Amino acid sequence: MADASALAVTSAVAPAVRLAGLVYDYPDGRRALDGVDLSIAAGESTALVGPNGAGKSTLLLHLNGLLPGRDGLFRRRPPSVWIDGLDASRHGAEVRRKVGLVFQDPDDQLFSTTVLEDVAFGPLNLGAAKAEARRLALECLERVGLADAADRPPRHLSFGERKRVCLAGVLACEPSVLVLDEPTANLDPRGRRRFLELIGSLPATKLIATHDLEMVLEICPRTVVLDAGKIVADGPSRAVLDDAALLEAHGLERPLSLLVGR
Ligand code: ADP
């Protein structure tokens, strides 16, 4: 009992995401994260930018426990990931329930015969009754503008529509932290705009790994720059993305809208 109430107090004041000294080596020995310290407050919308190979995807995968445990290294290390105050190495199931991860490629995420089944899968898996899972799935499909597609096979939908199905699937699990890997990659301008507005309207804490710096300026007040597994900058997006020397040193370019002074 004492432990549970202590946890509740911790959660009430804890950041939504906290990483402390996070180190990760892939089984082949490659160091992908090299001592990452990061704290994200509840409701904050943060961009994670950096060149290819910086460690962005590896970092995201740690937030819902997809990576630790694949090899034996993590368990021997001190705890380094907390979600809403919960130590991810001890509360894996609860942490996975809190964190919704939308993959870059929707085809890594979709596998059911119909869109509705796909979106209902998460809530069912979390223990919702069939009718409740269906209700939640339909509600989330409505939110992403795809209620009409409920009975269609996901493979018949466009790339942008499949991305929105993935988002609906994650929203149906009611996560408190939304983690997105390259949400606007490979979308056409209209699909990008639509997805961006959708993400921007969601109240959850967000961490978004992306190369789309214009999107960052629109929906992420804070930007973290990662390179070679280390955080090299962290601050207001306008300031970070207007720092030409910093960006050049880490393989990035100032967004056009800042160059032309919009
Ligand atoms: P980013 O998402 O920023 O492009 P990643 O997290 O994918 O970076 O990769 C970080 C580093 O980890 C890179 O050096 C990459 O080569 C390496 N890496 C990624 N996945 C694996 C893997 N499955 N096995 C070994 N090394 C990997």
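Keep in mind the model is a prediction, meaning the values are calculated, not measured. (Residues numbered from 1 in each chain as written. Predicted model: local features only at pLDDT ≥ 70, side-chain atom pairs only at ≥ 80, totals over all residues. Heavy atoms only, no water.)

**Points about the overall build of the protein**
Of regular secondary structure, the protein possesses twelve helices and ten strands. Computed over the C-alpha atoms, the radius of gyration of the protein is 19 Å, within 12% of the 18 Å expected from 2.2 N^0.38 for a compact globule of 262 residues. Once the C-alpha set of the protein is aligned to its principal axes, its extents read approximately 55 × 50 × 35 Å. Here the protein holds 262 residues, and 52% of them are scored as buried. Across the protein, the fraction of contacts at a sequence separation of at least 24, relative to all contacts at a separation of at least 6, is 64%. (Helix = DSSP H or I, 4+ residues; strand = E, 2+ residues; numbered from the N terminus. Rg over C-alpha atoms; globule rule 2.2 N^0.38 Å. Buried < 20%, exposed > 50% of the residue type's maximum accessible area, 1.4 Å probe, protein only. Contact = heavy atoms within 4.5 Å.)

**Re the site of the ligand**
In the neighbourhood of the ligand, the contacting residues comprise Tyr-26, Asp-28, Arg-30, Ala-32, Pro-51, Asn-52, Gly-53, Ala-54, Gly-55, Lys-56, Ser-57 and Thr-58. Interatomic distance of 3.5 Å between a side-chain N/O atom of Tyr-26 and a nitrogen atom of the ligand. At 2.5 Å, a side-chain N or O of Thr-58 approaches an oxygen atom of the ligand. For the ligand, the accessible surface in isolation is 570 Å², of which the surrounding protein chains cover 65%. For the shell around the ligand, the per-class residue count stands at four nonpolar, five polar and three charged. (Near = heavy atom within 4 Å. Polar contact = N/O pair within 3.5 Å; in protein donor to acceptor, adjacent residues only side chain to side chain. Areas by Shrake-Rupley, 256 points an atom, 1.4 Å probe, with all protein chains shown as cover. Nonpolar A, V, L, I, M, F, W, Y, C, P; charged D, E, K, R; others polar.)

**Quick look at the sheet that holds strand 5 (residues 86-87)**
Either a parallel or an antiparallel arrangement is found when strands of a sheet pair, and the pairing is made through backbone hydrogen bonds. Pairing in this open sheet of four strands is antiparallel, and the strands run 2-1-4-5 from one edge to the other. Each end of this open sheet is capped by a strand with a single partner; those strands are strand 2 (31-40) and strand 5. Running over the sheet, helix 2 (residues 56-63) touches strand 1 (17-25), strand 2 and strand 4 (81-83) and is turned about 120° from strand 1. (Pairing = 2+ DSSP bridges. Axes fitted to C-alpha atoms, helices over the stretch in contact; angles between N-to-C directions.)

**Some words on the packing of helix 7 (residues 159-171) against helix 8 (residues 189-201)**
It is at 10 Å that the axes of helix 7 and helix 8 come closest, and there the two elements cross at 15°. Taken together, the axis directions place helix 7 and helix 8 in an arrangement best described as roughly parallel. Relative to helix 8, helix 7 is oriented so that their crossing is left-handed. Listed contacts from helix 8 to Lys-163, Arg-164 and Leu-167 of helix 7 are Arg-194, Phe-195 and Leu-198. In terms of residue class, the contact of helix 7 with helix 8 is built from three nonpolar, no polar and three charged. (Parallel < 35°, antiparallel > 145°, perpendicular 65-115°, else oblique. Left-handed = near helix turned anticlockwise from the far one by under 90°.)

**Overview of the pattern of salt bridges**
Using the criterion set out here, one finds twelve salt bridges in the structure. Across the pair Asp-84 and Lys-98 runs a salt bridge, and its minimum N-O distance is 3.0 Å. With Asp-84 in the loop between strand 4 and strand 5 and Lys-98 in helix 4 (residues 92-98), this pair connects stretches of sequence that are 14 residues apart. Accessibility expressed as a relative area gives 22% for Lys-98, which makes it partly exposed. A salt bridge links Arg-222 to Asp-234, with the nearest nitrogen and oxygen atoms 2.8 Å apart. With Arg-222 in strand 9 (residues 222-227) and Asp-234 in strand 10 (residues 230-236), this pair connects stretches of sequence that are twelve residues apart. For Asp-234, a relative accessible area of 42% gives the class partly exposed. One connected set of salt bridges, linked through shared partners, spans Asp-25, Arg-31, Asp-34 and Lys-230. (Salt bridge = Lys/Arg side-chain N within 4 Å of Asp/Glu carboxyl O.)

**A look at a nonpolar patch on the surface**
A cluster of nonpolar side chains, contributed by Leu-256, Leu-259 and Val-260, occupies part of the molecular surface with about 300 Å² of accessible area. Mapped onto the secondary structure, Leu-259 falls in helix 12 (residues 256-259). (Patch = residues over 30% accessible without salt bridge, like charges linked within 9 Å, V, L, I, M, F, W, Y side chains within 5 Å.)

**Structural notes on the environment of Gly-92**
Looking at the element boundaries, Gly-92 is found in helix 4. Here Gly-92 falls in the buried class, since its relative accessible area comes to 18%. Sequence spacing of Gly-92 and Asp-105 is 13 residues, and the spatial spacing of their C-alpha atoms is 24 Å.

**Focus: the confidence of the model for the protein**
Counting all residues, the mean pLDDT for the protein is 89, and 90% of those residues have values of 70 or more. A low-confidence stretch, residues 1-11 stays under pLDDT 50, and its non-local contacts, those more than four residues away or across chains, total five contacts. Throughout residues 70-76 the model reports pLDDT below 50, and contacts reaching past four residues in sequence, or to other chains, amount to eleven contacts. (pLDDT = per-residue confidence, 0-100.)

**Some thoughts on the sheet that holds strand 3 (residues 45-49)**
The strand order across the open sheet formed by six strands is 6-7-8-3-9-10, and the pairing between neighbours is mixed. Only two strands of the sheet have a single neighbouring strand rather than two, namely strand 6 (99-102) and strand 10. Across this sheet, the average inter-strand angle for adjacent strands is 15°, counted without regard to direction. Relative to strand 10, strand 9 runs antiparallel, the two sharing six bridges. Across the sheet, Val-225 pairs through a bridge with Ala-233, a residue of strand 10.

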